Structure formats: structure tokens, C-alpha cells
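Residue-level structure breakdown
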Amino acid sequence: MWGVRLLAVCFWLLVWQLAAWAIDARIILVGPLEVLARLAALATTGEFWASVGLSLGRIALGLVAGIAAGVVLAAAASRVRVLRELLAPLVGALKAVPVASFVILVLLWVSSSSLSIVIAWIMAFPIVYANVLEGIEQTDSQLLEMADVFGVRPLDRLRLIYLSQVLPYFRVAVSLALGLSWKAGIAAEVIGLPDLTIGEHLYDAKVYLDTPDLFAWTVAIVVVSVALEAIVGRALDAALARWEARP
Amino acid sequence: MSGELALRGVDKRYGDIVVLTGASAAFEPGRAHLLMGPSGAGKTTLLRLLAGLERPDGGEVTLPSGTRLAMTFQEDRLCDNLTATANIRLPHAHLRGAALEAFLAREREALGAVGLPVDSRPVRELSGGQRRRVAILRAVLADADVLLFDEPLKGMDEKTVEQVMDYVCPLIAAKTVLWATHDPREGRFFPDPTLWEVRDGGVFHL
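What counts and what doesn't
- Residues numbered from 1 in each chain as written.
- Chains lettered and ligands numbered in written order.
- Predicted model: local features only at pLDDT ≥ 70, side-chain atom pairs only at ≥ 80, totals over all residues.
- UniProt positions renumbered as here; feature names shortened; annotations may be inferred.
- Helix = DSSP H or I, 4+ residues; strand = E, 2+ residues; numbered from the N terminus.
- Pairing = 2+ DSSP bridges.
- Axes fitted to C-alpha atoms, helices over the stretch in contact; angles between N-to-C directions.
- Core = buried A, V, L, I, M, F, W, Y, C linked by C-beta atoms within 7 Å.
- Buried ≥ 20, exposed ≤ 12 C-beta atoms within 10 Å, placed from the backbone.
- Contact = placed C-beta atoms within 7 Å.

If you look chain B up in an unreviewed UniProt entry, it shows as ATP-binding cassette domain-containing protein from Thermophilibacter provencensis.

Chain A appears in an unreviewed UniProt entry as ABC transporter permease subunit from Thermophilibacter provencensis. Quoted straight from UniProt, the Subcellular location (unreviewed entry) entry for chain A says "Cell membrane". UniProt annotates chain A under Sequence similarities (unreviewed entry) with the comment "Belongs to the binding-protein-dependent transport system permease family."

Section: the UniProt feature "transmembrane region" (unreviewed entry) in chain A
Residue and element names in this part refer to chain A. The UniProt record annotates "transmembrane region" (unreviewed entry) at residues 49–74, 86–109, 115–133, 169–194 and 214–236. A distance of 24 Å separates the end C-alpha atoms of residues 86–109, which is 92% helix and 0% strand. Across residues 169–194, helical content stands at 92% and strand content at 0%; the span's end C-alpha atoms are separated by 34 Å.

Let's talk about the sheet that holds strand S2 (residues 17–27) of chain B
Residues and elements named next belong to chain B. The sheet built from 3 strands is open, its strands ordered S2-S1-S4 with antiparallel pairing. Where the open sheet ends on each side, the last strands, each with one partner, are S2 and strand S4 (58–62). Each strand of the sheet is rotated relative to its neighbour by a mean of 25 degrees, with strand direction disregarded. As paired elements, strand S1 (residues 5–14) and S2 share 7 bridges and run antiparallel to each other.

As for the nonpolar core
Here is a general trend for soluble globular proteins: nonpolar side chains tend to be buried in one another's company. Of all hydrophobic cores here, the largest spans 67 residues; its most connected members are Leu148 and Leu178 of chain B. Looking at this core, the element that brings in the most residues is helix H4 (residues 128–140) of chain B, giving 6 residues. Ignoring anything within four residues of it in the chain, the contact list for Leu178 of chain B reads Phe27, His33, Leu35, Leu47, Leu50, Leu148 and Phe149 of chain B. Counting residues in each nonpolar core, the second largest holds 46 residues, with Leu42, Ala120, Ala173 and Ala216 of chain A among its members.

In C-alpha cells:
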């Protein structure tokens, strides 16, 4: 299976390279070899790593805050009907409004350097909130009955029955939120142009028609995205497995 | 909720279906009570009333004050994502330190005794028959005064039944046990059990 996947990737890289040669205009399309060379050159500069680090740090901050808010408010909303009804339109709006509108609106309220934090939060919060709330709602009423009969203590009920039912939902939500926050956060940077960020470099590449740079930064964004997904996904799976395996 | 474990003139219906009408029975503490009767006669409803999971439409259900309950249900009702030991320990999930270690040792001994593996798999990976045994052990080790069993051995093969009951019987011998079953032969697991029949909306002492 891996071999087939690799061959398919190689096929499309080859098509891309041939197309670049055929078009022979760097402004329109650069081939993968040139992109790789450009990326390698970028990676030797401190500015590249500083930009990746700054973008990543801010977006991660917003993401973590969004996850925390989603979990806390979902738990509260599952208990308090009024809160749940109150939050429903807000969460609906956060999901429905295009991210570009939020970016422009939020720029009126906060400095451009905080923009991607807020945007990452806006992406992560509704997903985590909705998924965790769903997980709590789906908690098996038969298990809760069982806990009533056995007189399981409230904290143990929360820790074992609810948590064991909600964790799989949480796991999915974090994966989704991670990808979305990262991409939307970068898009916000392209509009807000905070100094020394990936978004700013993408914008510069556009302004100066520096297509190799545009491609190189894009590849960097994708690589970070895939790496994050793999690292966080694996860490979560390992934590979940360890939690499940407790005696 | 005080006094003896009993039903007094209990009516219970679900919509148009009348399950119990004026049912009365007092279950003597510290002994086993075998509840028999055809399917749908109301054995499960009777247990659910005693467990406080249903309210009677008429009459009253009483339990000795401070009664600690344990129960097996028609379904296993296990937390799929937890290990067998974590499931069995749910009523004791607050234990820590030496008390936890002691209880874990007891759990492992119990699992071995009923032919279950002691490992770190969540119970969703166990077979139906294995899950049933976990549910039985959870009830037996719950340190309860009154144990309610709703056809716990249903679908279990003869050899497993013997193995499970060899372990379970001594542990519940001095407790108040209500044991719903189709099979009158299950009376052999208890010294001198009280026999009851649930039928026609009533609970009758045999």
C-alpha cells in the first residue's frame, strides 16, 4: 500500500516538474526541484525559523485556549440548559461566518500580532464545544443508571463514566481543530501582516511576484501541518491508550 | 425508604401494559430469594423498583435505611473503554494507596477464579460471555448488603456457570440476594433459598 502511495506522489511530482519546464515561466509555475532548493535556502536563515516559530506559537496559544474554552463550556452547557440555548446561536455564528470576515472584523479590535491567536481560537472553540457536548449527551443513560444503583461517587462518575465516553469525541475534535486553526491562522496573517510571520512572507512573495518563495512557504506550511497532526495525534492516541489500560 | 426490603401493594404499568398490580412481598435479609416466572412477567420490573430505578404507580417500596445495593442488569452495562479491573472497581474507584493495591489483588484473584484474563485490554475487546462475568464480579465485589441479579447466568455454558458460581457463592452466602431466573435448578447455588414466582401482576411465595 505504501509503495503505491509513494508511486502516486512521484507521478504527480513528475507532472508538476514537466509542466514547469513546458510553461517555462517562473512567475506562473515553478517546478518541485526549484521549490525544494528555495526551501533549503530559506531553512538556513534564522528569519525562517523565527517566522515559523512565531506563527506556530501564536496559533497554538489560540488553539489551546479554544480547546480549553470548548471543554469547559460544553461541560457547563450539558448541565445548564439556559447556557446551552444561550451559546447555540453564538457557536452557530462562529461556524457559519467566513473566516475572512472574522479576520477583518477582529483586526478592528486587536493588534495584528494578536490576530492569529484570536482566529485560531474562533476556529477551535466551536468544533471542540460541539464535539464534547455531543460526547456528553451520548453518554449511555444505562451506565448512569448503573452508577446510581452502585452509589458511584460524583467525582468517580465524572472521571470514569463521562470521561471514558467523551475522550474519543475529544480526540477527533482536537485533530479537526488543529488543522483548521493552523490554516486559518496563516490566512489571518496574510491579511493582518504581523511582522516576522509565515503570513507576512506569503504576502511579500505575492507582492514581489516571487513565485518560488510562495511555493516554498506553502510547502513549509503543509509540512508543519502534517507534522503537527502526526505528533499531536500520536501523543493523544498514546495518552488515550495509557488511560484505557489502567488497571 | 426505611424498614424491611419489601413491596406493599405495588402497582406498576408502562403505558397500557400493566406489569404489577397490588404486588406485595417482604424479602427476609441475609438470605437468597429466587424470583421465577415467565418472560415479561415483571421480574426485571420488580428488581428495578427495589433498585430505585422505577417509581411505583401505587403502593410503596421500602428498603432498610442505608442499604448499599449492587446489581447485574439484562445488559452488561460496562464502561467499554476501561479494563475489567477498572470496571469491577467502579463502586470503589475512590480507593488509593494500600487499599487500592489490596482491592486490585482481590480483583485479579477473582478474574482468575472465573476464568478471565488479567490484562490491560479495555473490555470492549472481550467476548460477550467474558463481559457478563465482569458484570457479575462488579456486583459481587461491590461490598453491598443487597444484591440484585437479573438472569446473570443467561447464555452461559454449564462449565463456566460452575466455575463462576464456585467463586461467587461463598461471597454472597450471608447477603440478601434477589436472583431472577428462568431456571429453577439455579436454586442449588444457595442454601435453602426462598422461592418466589412473579406472574399475573403479583409476587407469590412458593
